Amino acid sequence: QLLIPRRNGTVWSGSRHGSLPHNLCVPGHNHCSAQTQFLRKGCDASVLIQSTPNNKAEKDHPDNVSLAGDGFDVVIKAKKAIDAIPSCRNKVSCADILALATRDVIVAAKGPSYKVELGRRDGLVSTAASVNGNLPGPNDNVDKLNKLFAKNKLTQDDMIALSAAHTLGFAHCSKVANRIYNFNRTHPVDPTINKAYVKELQAACPKKVDPRIAINMDPVTPRTFDNIYFKNLQQGKGLFTSDQVLFTDRRSRPTVDAWAKSSPAFNAAFVKAMTKLGRVGVKVGRNGNIRRDCGAFN
């Protein structure tokens, strides 16, 4: 049982100290900071830890380059605001605040609200090396995605629902360059991409583009959490291969079609998947602690 007596209103107001960037929560290759951790070893706020001369931390792994620095700052400020209340000091973990902030981003973007189970402790380890092989890649197929999610007892429907968080946030051009310039020997451009969308991507990401240039992951409603993600897939407008395969693979296409048709059905599936995700690898007792500073170990 994760739920514990907690002043949830205080946590909520703390997490709203400042605006929450939408790319704080983008599962997939440019990951929701919460999902990044859940899939790797549970939500333990290890992604908030700053690197030191003796340790390259998780947040500095190349796969985490798109995580929002100002989003981390919001979580750190929320922690300080909560701990400034004597009755709350050292009672709310950074991991719980991060999970709540993720929910708040989704709600702020007109997505579904859901109850966040609380009681996590913060992790005691954060290394860049631990990220390798534990996150969805932009070129993954359905088999690889299912295998990765199944390691954490998440189903194919969970995987598809969580992938739809790509309805928010951005990605760097380098992550899509192979699809629009150098797909394979017979097709320079991935033939599953909508032709008009290819032109948009090539205009936004010309060859030899500055690697810091970023593009929206949802070309239609990039700041709204909605089921347009699935409608985009039906039209060949999935940004990554790992997005588009959800429609091209016959095993996952029926779910894409169903959720493109029904926003309530998608929202319900997303809430269910996020709740399950929030239970993965939770740290309790001596397996973790409550950090005084979210960016450093106690």
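Residues numbered from 1 in each chain as written. Predicted model: local features only at pLDDT ≥ 70, side-chain atom pairs only at ≥ 80, totals over all residues. Heavy atoms only, no water.

So the rule is basically this: UniProt positions are given in the numbering used here, feature names are shortened, and annotations may be inferred rather than shown by experiment.
Per an unreviewed UniProt entry, the recorded name for the protein chain is Peroxidase, and the organism is Brassica napus. If you open the UniProt record of the protein chain and go to Catalytic activity (unreviewed entry), you find "2 a phenolic donor + H2O2 = 2 a phenolic radical donor + 2 H2O". In its Function (unreviewed entry) section, UniProt records this for the protein chain: "Removal of H(2)O(2), oxidation of toxic reductants, biosynthesis and degradation of lignin, suberization, auxin catabolism, response to environmental stresses such as wounding, pathogen attack and oxidative stress."

1. Comments concerning the nonpolar core
Here is the rule we go by: For the purposes of this section, nonpolar cores are sets of buried Ala, Val, Leu, Ile, Met, Phe, Trp, Tyr and Cys residues that join through side-chain atoms within 4.5 Å. Each residue is assigned to one of three classes by its accessible area relative to the maximum for its type, calculated with a 1.4 Å probe on protein chains only: buried under 20%, partly exposed between the two thresholds, exposed over 50%. Contacts between residues were defined by any pair of non-hydrogen atoms, one from each residue, lying within 4.5 Å.
Core analysis: the biggest nonpolar cluster contains 37 residues, and Phe225, Phe230, Leu246 and Phe270 have the highest contact counts within it. In contact with Phe270, not counting residues within four places along its chain, are Ile106, Pro112, Ala161, Leu162, Ala165 and Phe225.

2. Quick notes on the state of the cysteines
Going by this rule: The disulfide definition used here is simple: a pair of cysteine sulfur atoms within 2.5 Å. A run of H or I in DSSP becomes a helix once it reaches four residues, and a run of E becomes a strand once it reaches two; helices and strands are each numbered from the N terminus.
All chains considered together, the criterion is met by two disulfides. The partner cysteine of Cys94 in its disulfide is Cys294, sulfur to sulfur 2.1 Å. Negative torsions about the S-S bond denote left-handed disulfides, and the value of about -95° found for Cys94 with Cys294 makes this one left-handed. Of the two residues, Cys94 is situated in helix H4 (residues 94-108) and Cys294 in the segment after helix H12 (263-277); the sequence distance between them amounts to 200 residues. Relative accessible area serves as the criterion here: at 1%, Cys294 is assigned to the buried category. Here Cys173 connects covalently by a disulfide to Cys205, the sulfurs 2.0 Å from one another. Looking along the S-S bond of the Cys173-Cys205 disulfide, the torsion reads about -70°, which is the left-handed sense.

3. Things to note about the environment of Asp44
Of note, Asp44 is situated in the loop between helix H2 (33-41) and helix H3 (69-83). Judged by relative accessible area, Asp44 falls into the buried class, the value being 0%. In this structure, the C-alpha to C-alpha distance between Asp44 and Gly288, residues 244 residues apart in sequence, is 8.1 Å.

4. Concerning the packing of aromatic side chains
Aromatic rings in a pair are described by how distant their centres are and how their planes are angled relative to each other. Rules: Classification of ring pairs uses Phe, Tyr and Trp, with its six-membered ring standing for Trp, and accepts pairs whose centres are within 6.5 Å; under 30 degrees between planes counts as stacked, over 60 as edge-to-face, and the remaining range as tilted. Cation placement over rings: the criterion is NZ of Lys or CZ of Arg within 6 Å of the ring centroid and within 35° of the ring normal.
Tallied over the full model, the rule gives seven aromatic pairs. A network of ring pairs unites the aromatic residues Phe225, Tyr229, Phe230, Trp259, Phe266 and Phe270 as a single cluster. Over the face of the ring belonging to Phe247 we find Arg253, whose NZ or CZ atom lies 4.3 Å from the ring centre.

5. Quick word on the pattern of salt bridges
This is how the line gets drawn: Think of a salt bridge as a Lys or Arg side-chain nitrogen and an Asp or Glu carboxyl oxygen that are within 4 Å of each other.
As enumerated under the stated definition, the model contains 10 salt bridges in all. Note that Asp143 is salt-bridged to Arg251, the shortest N-O span being 2.7 Å. Here the residue Asp143 occupies a position in helix H5 (residues 142-150), and Arg251 occupies one in the loop between helix H10 (241-248) and helix H11 (253-261), the gap between them amounting to 108 residues. Here Asp143 falls in the partly exposed class, since its relative accessible area comes to 47%. On the basis of relative accessibility, which here comes to 35%, the residue Arg251 falls in the partly exposed class. What emerges from the salt-bridge pattern is a single network uniting Asp143, Asp249 and Arg251.

6. Focus on H11
Put simply, the test is: As used here, the arc is the angular range of directions from the helix axis to the C-beta atoms.
Looking only at H11, the buried set comprises Thr255, Val256, Trp259 and Ala260. Looking straight down H11, one finds its buried side chains confined to an arc of 135°; they lie on one side. Exposed and facing more than 90 degrees away from the buried side of H11 are Pro254 and Lys261. The inward-facing, buried residues of H11 contact helix H6 (156-163), helix H9 (228-234), H10 and H12.

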